[in-house]
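One letter stands for each residue in the lines below.
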Amino acid sequence: MCWHHVTPVGQWGPWAAWSRCSVTCGEGTELRGRSRRAEGGGASREWELRACHMACCPVPGSWSPWGPWGGCSVTCGAGRESRRRGCDAPPPQCGGNCGGGPEKEERICNGGSPICPVGGAWGPWSQWEPCGATCRGAGSSRSRKRKCDSPAPSVDPPGKPCEGKETEKGDCPGLPPCPVDGAWGPWAELTPCPVRCGIGAVTLRRSCDSPAPQHGGRGCHGNATRRAVCGPMGACPAVPHWGPWSSWTHCERRSWGDLRCKEVVGQQKRTRECVGRDVGSEPCPISGGLGTIQLRACYNVHHCPLSGSWTEWGQWGLCHPPCGADPKRSRFRDCRPINPNYPYVGALWGLWGSMGSLWGYMGDF
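Since this is a predicted model, take the numbers as computed values, not measurements.

S.K.: How should I be thinking about unusual backbone geometry in this particular structure?
M.R.: Backbone phi values are negative for most residues with the exception of glycine, while trans is the configuration of most peptide bonds. Following Ala89, the chain continues into Pro90 via a peptide bond in cis, with omega recorded as 0 degrees. Relative to the assigned elements, Pro90 resides in the loop between β3 (78-84) and β4 (104-110). For Cys94, which is not glycine, the phi torsion reads 55 degrees and is therefore positive. Position of Cys94 relative to the elements: it lies in the loop between β3 and β4. You will see that His303, though not glycine, has its phi angle at about 60 degrees, which is positive.

S.K.: What am I meant to see in the packing of aromatic side chains here?
M.R.: Scanning all chains against the criterion turns up 0 aromatic pairs. Between the NZ or CZ atom of Arg272 and the centre of the ring of Trp242, over which it lies, the distance is 3.9 Å. Between Arg333 and the ring centre of Trp310, over which it is positioned, the NZ or CZ distance is 4.2 Å.

S.K.: Could you clarify how one ought to interpret the environment of Ser141 in this entry?
M.R.: By secondary structure assignment, the location of Ser141 is in strand β5 (residues 141-145). Of the residues examined, Ser141 reaches a relative accessible area of 37% and is grouped as partly exposed. Spatially, the C-alpha atom of Ser141 lies 54 Å from that of Glu81, the residues being 60 residues apart in sequence. Setting aside anything within four residues of it in sequence, one finds Ser141 in contact with Lys169, Gly170 and Cys172.

S.K.: Sorry if this is basic, but what is going on with the pattern of salt bridges here?
M.R.: Should their charged atoms come close, side chains of opposite charge can pair. Enumeration over the complete set of coordinates arrives at 12 salt bridges. When the shortest N-O distance is used, the salt bridge between Arg50 and Glu30 registers 2.3 Å. Of this pair, Arg50 sits in strand β2 (residues 43-53) while Glu30 sits in strand β1 (residues 27-37); the two residues are 20 residues apart in sequence, bridging distant segments of the chain. By relative accessible area, Glu30 is classed as buried at 12%. The residue Lys104 makes a salt bridge to Glu106 at a minimum N-O spacing of 3.4 Å.

S.K.: Would you mind showing me how to read the environment of Arg296 here?
M.R.: Of note, Arg296 is situated in strand β13 (residues 293-300). Taking the C-alpha atoms as reference points, Arg296 and Gln268, separated by 28 residues in sequence, lie 5.5 Å from one another.

S.K.: Before we go on, may I ask you to explain the state of the cysteines in this structure?
M.R.: In a disulfide, the sulfur atoms of two cysteines are covalently bonded to one another. Enumeration over the complete set of coordinates arrives at 14 disulfides. A sulfur-sulfur distance of 1.9 Å marks the disulfide that ties Cys148 to Cys162. Across the S-S bond of Cys148 and Cys162 the torsion is about 80 degrees, and the bridge reads as right-handed. Highlighted residues: Cys148 in the loop between β5 and β6 (167-171) and Cys162 in the loop between β5 and β6, separated in sequence by 14 residues. Residue Cys162 is classed as buried on the basis of its relative accessible area of 14%. For the unlinked cysteine Cys335, the closest cysteine sulfur is that of Cys304, found at 16 Å. Take Cys335: its relative accessible area is 36%, and that puts it in the partly exposed class.

S.K.: What is the right way to look at the sheet that holds strand β7 (residues 188-189) in this model?
M.R.: The strands making up a sheet are joined through hydrogen bonds of the backbone, oriented either antiparallel or parallel. As summarised here, the arrangement of the 3 strands in space is β7-β8-β9, forming an open sheet in which the pairing is antiparallel. Of all strands in the sheet, those bounded by a partner on one side alone are β7 and β9 (225-230). With 2 bridges joining them, β7 and strand β8 (residues 200-205) adopt antiparallel strand pairing. Residue pairing for β8: Ala188 is matched across the bridge by Arg205.

Thresholds applied
- Residues numbered from 1 in each chain as written.
- Predicted model: local features only at pLDDT ≥ 70, side-chain atom pairs only at ≥ 80, totals over all residues.
- Heavy atoms only, no water.
- Helix = DSSP H or I, 4+ residues; strand = E, 2+ residues; numbered from the N terminus.
- Phe/Tyr/Trp six-rings, centres within 6.5 Å; stacked < 30°, edge-to-face > 60°.
- Lys NZ or Arg CZ within 6 Å of the ring centre and 35° of its normal.
- Buried < 20%, exposed > 50% of the residue type's maximum accessible area, 1.4 Å probe, protein only.
- Contact = heavy atoms within 4.5 Å.
- Salt bridge = Lys/Arg side-chain N within 4 Å of Asp/Glu carboxyl O.
- Disulfide = S-S within 2.5 Å.
- Pairing = 2+ DSSP bridges.

Function cannot be read off these values alone, since they describe shape.
Okay, here's the thing in structure tokens:
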């Protein structure tokens, strides 16, 4: 069952709900009321009013002055240019606007040149030229051409030329491949270097693959292998060997005193060393001899006065000067010493020996 409130006679009833705000924006009022029953069936009413606040009301703005015209959209011929203005003098508030009128304005403009350049475009390709080769390879291509005339680039003002090549090359169809002769590739070591020190020899090999012969081409000429030097691989340990002989000593014989210019046999000596031999190492090779000292018989003719004799005259030389007055020519002969007729000496001394020899620089004669 339903219940509802019944106000007793003579008392005020409850307030009704507030009415809607009298405005849709800004500040307005809202109203509510209540009633009281009187005796005898009459009624009286009471009203209450209060302020209400809605969202702010739209405030229109104003357009700012037009800005300058922008650049023309083209550099030649007819184009368009524009200018703008802002809704900010003052700006609108609470959803207002600047009313009628556009924000942007356009008009027709002319570029810097009344005539625009015309870029070139290629025309169709011509037919392929006939092939002059009998096999497919180097020089077996064919070509065709096209012209930049569809349209041709303008002259005044100058238009952009056509991009790309005017001539195109292609392979000749239906030809057999041309013979390709072989060529050697780089040399490579076939065996490692066999020595650990010094210089050795290795075998090098190359292949006929740069390129390999094809289609009946000729093979490579020459050898596929060869011997070559490898190293150096660092210093090798010293190998004992004979050093050079020293110079011969003066021709002398101590028990006889000074032998110069006398028919008395003397003796000379020279020495050498076994280079690179350490304690416990191999001796110097026998092929170079065994001794470190050599002795030989000699006669001392150092600075001895010897008679001389002239040799035969040589050939006449050329005239000097070759042309002109009073030319001269000359020829020469040598004054050679007459060695003393000392007897042959056949004695040997030491480990090495030789027949006697004359030693020293000849004196004046």
